[in-house]
Amino acid sequence: MCLQMHGFHNCADLGDSDDSGFRFRSHPTDVCLLSGGNLAAGLAMIAGVQAQPGGRPLRGGFTVQGFCQHRGESFQGNGIAAGDQIGVGQSISGQTLLEDFDGYLFIRQIGKPHGADDKDGGGYFQRINRNEGPNYSWRPEGSEGNNDLDGLALGIFPFYNFVVDPVQAVYWGVMALVVLKSLGEFFLDRLNAGYVRERSGKIPDVFQGMMTEEIYAKSVAYTLAKNRLSQCSNPYDLAVLLAVLFAGFLPWSYGAFVAVAGESVWAAATHIIGVSLVLSVLGLPWEWHEQFRLEERFGFNKTSLGLWILDRVKGAALALLIGVPVIALLLKLVMIGGSWWWICGWVTVIGFQVVMMIATPMWILPLFNKFEPLADGELRDRLLKLGEATGFSTATIQVMDGSKRSAHANAFFTGFGQFRKIVLFDTLIDQLSVDELEAVLAHEIGHYKKRHVLKMLVWSGAALLVSFWVLAQLIRYPPFFAAFGFAEGSLGPAFLLFGLLSGAVTFWATPISSAWSRKFEYEADAFAAQAVGGADALVGALRKLSEKNLSNLTPHPLYSCFYYSHPTLLERERALRLNDE
């Protein structure tokens, strides 16, 4: 069917491509969208019995689906309404269908052109400029064009086409993303739980002699207990997030807050942090259960309720003191930075991250834990000598009182340059021999020598740049605000919504970042084995840590692909032995 109306000549049969490469896909439920002005002649041509010479008559007609208004104008027309049937042969020429209306009219085809095949479902729309006279142009759904487009045609299914308002598209699209993430987490938890249960009968042969049957059974029980907790807390988190997003809480809270505090960037930033804190409070029952029930049951909890509460109060205070000024600065950059504000915002946040890498070990970590230099003795001498041999000069190695909160043992490297810090948990020192501690320190030095901190900063910086660009596009898209009940251009809510929703997208990229992190761990392991003259000491340390921490020795490969920032014990041992050979 070739439509040639009022001088439109760039046309094509449905199912073929026109000169510009557009694909017009035919089906019994093809969709047209038309916009304002006097549509009488054009609509009669589409719905009527004849097309221009060379075209085909329709078998069927059209149903008016509704109207999508444009630039806030109200519908003032007459002569046609949603639900009206326009059949074959019906003449409506001479009527003013939409008087003084600049918007989009949704029409669903009933029937299809004679001779058209059913190989593709699809939709199309025709745009008419009211103020500039007839100006017909085709554009398939999803193609780029006028930013004023307020209608979206979806025609990807073989038997159905849908006309979707962009606000509704955002609304249901976001809901789908959030639910899909939760379903993905649930699927991974179930998959891992089943995989662990299948292997719970006895210790894998490769780990025979590493731990007793009793300890192995306890590690399985610990893994399954954490899994059950996750399967309970994840649906709760989903319900809370859906309620916050779609039950009107955000626009209500924002309206109430700005009514009292005003609409400054400081008020908007405080609202963002405030909502984040409210959501964290709603998650406290699960955190409490994990610490004082699950961890207590398996002998890991060492903290008191008072200290647990104090930690969260300190965290909330830091979020307000640090988070509010940074977000306020970003909001100000949006206001004064023009269309390229997102570049300025990205540079600002990168600078903030660098500052925090210095501030965290110097001022923030000491707010939560006590740090002391490693005491004099054989261990200190061996570790300082190792630092000199590997080119990692440091005046001191610090010990953190991790035992006041948990029996879990660990070590970490933080900061850079003269602000770098290697920290050993006191529980780690109690559990490992001097040779094994030396290997663990060599592993941490390996992270420094291989520039892993810098590489991770580059990775996060690239991801952050993409995130800021996406946020910049959303701020310019009115349906994004309307879908959640906000006025167009509400910057504070835009930042808040982006923060709440970004995890639903980045979750699916988790395997990439986890794989990169595991690669760094392999490199640090290889460095450590070379630095201490073999893999035995590090393998011994890893085995002891796995036993003491009741680590999952048999995670499902897909689960570890998503969640494990470190290779499994078996993978690390294989790599170390291979390098040793």
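Residues numbered from 1 in each chain as written. Predicted model: local features only at pLDDT ≥ 70, side-chain atom pairs only at ≥ 80, totals over all residues. Heavy atoms only, no water.

Asker: Would you mind showing me how to read the overall build of the chain here?
Answerer: Summing up its helical and strand segments, the chain has 18 helices and 12 strands in all. Each of the 581 residues in the chain was classed as buried or not, and the buried ones make up 47%. Taking all contacts inside the chain whose residues are at least 6 apart in sequence as the whole, residues at least 24 apart take part in 74%. Carbon and sulfur atoms form 59% of the exposed surface of the chain, whose accessible area is close to 28100 Å². (Helix = DSSP H or I, 4+ residues; strand = E, 2+ residues; numbered from the N terminus. Buried < 20%, exposed > 50% of the residue type's maximum accessible area, 1.4 Å probe, protein only. Contact = heavy atoms within 4.5 Å. Areas by Shrake-Rupley, 256 points an atom, 1.4 Å probe, with all protein chains shown as cover.)

Asker: Explain the packing of aromatic side chains here, please?
Answerer: Note on aromatic pairs: each is described by the distance of the centres and the angle between the planes. All chains considered together, the criterion is met by 24 aromatic pairs. Measuring from ring centre to ring centre gives 5.3 Å for Trp459 and Trp516, while their planes differ by 65°; the resulting arrangement is edge-to-face. In this pair, Trp459 sits in helix 12 (residues 452-475) while Trp516 sits in helix 15 (residues 510-531), placing the two residues 57 residues apart along the sequence. Ring pairs connect the aromatic residues Tyr171, Trp172, Phe246, Phe480, Phe481 and Phe484, which therefore count as one cluster. We note Arg199 situated over the ring of Tyr195; from NZ or CZ to the ring centre the distance is 3.5 Å. Of note, Lys314 hangs over the ring of Phe368, and the distance from its end group to the ring centre comes to 5.8 Å. (Phe/Tyr/Trp six-rings, centres within 6.5 Å; stacked < 30°, edge-to-face > 60°. Lys NZ or Arg CZ within 6 Å of the ring centre and 35° of its normal.)

Asker: Honestly, the packing of helix 7 (residues 305-336) against helix 14 (residues 491-506) in this entry has me stumped. Any pointers?
Answerer: Relative orientation and spacing of two packed helices are given, respectively, by the angle between their axes and the distance between those axes. Relative orientation of the contacting elements helix 7 and helix 14 amounts to 125°, with a least axis distance of 10 Å. Of the possible angle classes, the one that applies to helix 7 and helix 14 is oblique. Seen along the crossing, helix 7 lies across helix 14 with a hand that is right-handed. Two secondary-structure elements touch here, helix 7 through Leu330, Leu331, Val334 and Met335 and helix 14 through Leu491, Gly492 and Phe495. (Axes fitted to C-alpha atoms, helices over the stretch in contact; angles between N-to-C directions. Parallel < 35°, antiparallel > 145°, perpendicular 65-115°, else oblique. Left-handed = near helix turned anticlockwise from the far one by under 90°.)

Asker: What am I meant to see in the environment of Phe481 here?
Answerer: Considering the arrangement of structural elements, one finds Phe481 in helix 13 (residues 478-482). When its relative accessible area of 0% is taken as the criterion, Phe481 is described as buried. Spatially, the C-alpha atom of Phe481 lies 8.2 Å from that of Pro493, the residues being 12 residues apart in sequence. In this view, Phe481 contacts Leu474, Ile475, Phe486, Ala487, Glu488, Gly489, Ser490 and Ala494; residues no more than four positions away in its chain are not counted.

Asker: I keep staring at a positive patch on the surface and nothing clicks. Help me out?
Answerer: Together, Arg190, Arg197, Arg228 and Arg297 give the surface a local cluster of positive charge. Tracing the backbone through its elements, the reader meets Arg190 in helix 2 (residues 166-198). (Patch = residues over 30% accessible without salt bridge, like charges linked within 9 Å, V, L, I, M, F, W, Y side chains within 5 Å. Salt bridge = Lys/Arg side-chain N within 4 Å of Asp/Glu carboxyl O. Lys, Arg positive; Asp, Glu negative; His and termini not counted. Charge placed at Lys NZ, Arg CZ, Asp CG, Glu CD.)

Asker: How do you make sense of helix 16 (residues 536-548) when you look at a structure like this?
Answerer: An α-helical turn contains 3.6 residues, so any two residues separated by three or four positions project in the same direction. For helix 16, with 13 residues, the first-to-last C-alpha span of 18 Å sits near the 18 Å given by 1.5 Å per residue. Listed as buried for helix 16 are Ala537, Leu538, Val539, Gly540, Ala541, Leu542, Leu545 and Ser546. Against the buried residues of helix 16 lie helix 10 (426-431), helix 11 (434-449), helix 15 and helix 18 (569-580). Positive backbone phi, at 55°, marks Leu550, one or two positions downstream of helix 16. (Expected span 1.5 Å × (residues − 1).)

Asker: It is not clear to me how the side chain of Thr223 should be interpreted in this structure. Could you clarify?
Answerer: The residue Thr223 is located in helix 3 (residues 213-246) in this model. With residues near it in sequence (within four places) discarded, Thr223 still touches Asn192, Val196, Leu550 and Asn552.

Asker: Could you clarify how one ought to interpret empty space enclosed by the protein in this entry?
Answerer: Unfilled space is identified by rolling a water-sized probe across the atoms. For the structure on display, the rule yields 1 cavity of 30 Å³ or more. What the largest cavity holds in volume is close to 30 Å³. Secondary-structure elements contributing two or more residues to the lining of the largest cavity are helix 9 (378-389) and helix 11. A per-element tally of the lining of the largest cavity places helix 9 first, with 3 residues. Across the lining of the largest cavity, the residue classes break down as 7 nonpolar, 2 polar and no charged. (1 Å grid on protein atoms, 1.4 Å probe; cavity = no way out; pocket = protein on both sides within 12 Å on 5 of 7 lines; lining within 4 Å. Points joined across faces, edges and corners; volume = space filled by probe spheres on them. Nonpolar A, V, L, I, M, F, W, Y, C, P; charged D, E, K, R; others polar.)

Asker: What exactly am I supposed to notice about the side chain of Asp311 here?
Answerer: With respect to the helices, strands and loops of the structure, Asp311 is situated in helix 7. A distance of 2.8 Å separates a polar atom in the side chain of Asp311 from a polar atom in the side chain of Arg405. Beyond its immediate chain neighbours, meaning those up to four positions away, Asp311 contacts Phe368 and Arg405. (Polar contact = N/O pair within 3.5 Å; in protein donor to acceptor, adjacent residues only side chain to side chain.)

Asker: When you look at unusual backbone geometry in this model, what are you seeing that I'm missing?
Answerer: Its identity is not glycine, yet Arg451 carries a phi of approximately 60°, on the positive side. Positive phi outside glycine occurs at Leu550, with the angle close to 55°. In this fold, Leu550 is placed in the loop between helix 16 and helix 17 (557-563). Residue class for Leu550 comes out buried when judged on its relative accessible area of 5%.

Asker: Looking at this structure, I do not really get the sheet that holds strand 9 (residues 371-373). What am I missing?
Answerer: Across a sheet, paired strands are connected by hydrogen bonds in the backbone, their directions being either parallel or antiparallel. The sheet built from 4 strands is open, its strands ordered 9-10-12-11 with mixed pairing. Taken across any chain shown, the strands that pair with only one partner, and hence form the sheet edges, are strand 9 and strand 11 (411-414). Sheet twist, expressed as the mean angle between neighbouring strand axes with direction ignored, is 30°. Relative to strand 10 (residues 398-400), strand 9 runs antiparallel, the two sharing 3 bridges. Bridging across to strand 10, Pro373 finds its partner in Gln398. Taken strand by strand, helix 11 contacts strand 11 and strand 12 (421-425), and its axis lies near 25° from that of strand 11. (Pairing = 2+ DSSP bridges.)

Asker: I'm lost on the nonpolar core in this one. Help?
Answerer: The nonpolar side chains of soluble globular proteins are, as a tendency, buried together. Counting residues in hydrophobic clusters, the biggest one holds 50 residues, and the most contacted among them are Leu245, Leu250, Trp341, Phe484 and Phe495. Here the element with the most residues in this core is helix 14; it accounts for 9 residues. Among the nonpolar cores identified, the runner-up in size contains 47 residues, and Leu224, Met400, Ala409 and Ile422 belong to it. (Core = buried A, V, L, I, M, F, W, Y, C linked by side-chain atoms within 4.5 Å.)

Asker: Sorry if this is basic, but what is going on with the pattern of salt bridges here?
Answerer: Think of it this way: side chains of opposite charge can pair up when their charged atoms draw near. Within the structure shown, the criterion is met by 16 salt bridges. In this structure, Arg572 and Asp525 form a salt bridge, with 2.8 Å as the shortest nitrogen-oxygen distance. A residue pair is termed long-range when its members are at least 10 positions apart, and Arg572 in helix 18 and Asp525 in helix 15 qualify at 47 residues. Under the relative-accessibility criterion, Arg572 is labelled buried at 9%. Assessed through its relative accessible area of 2%, Asp525 is described here as buried. Through salt bridges with shared partners, a single ionic network connects Glu378, Arg382, Asp435 and Glu438.

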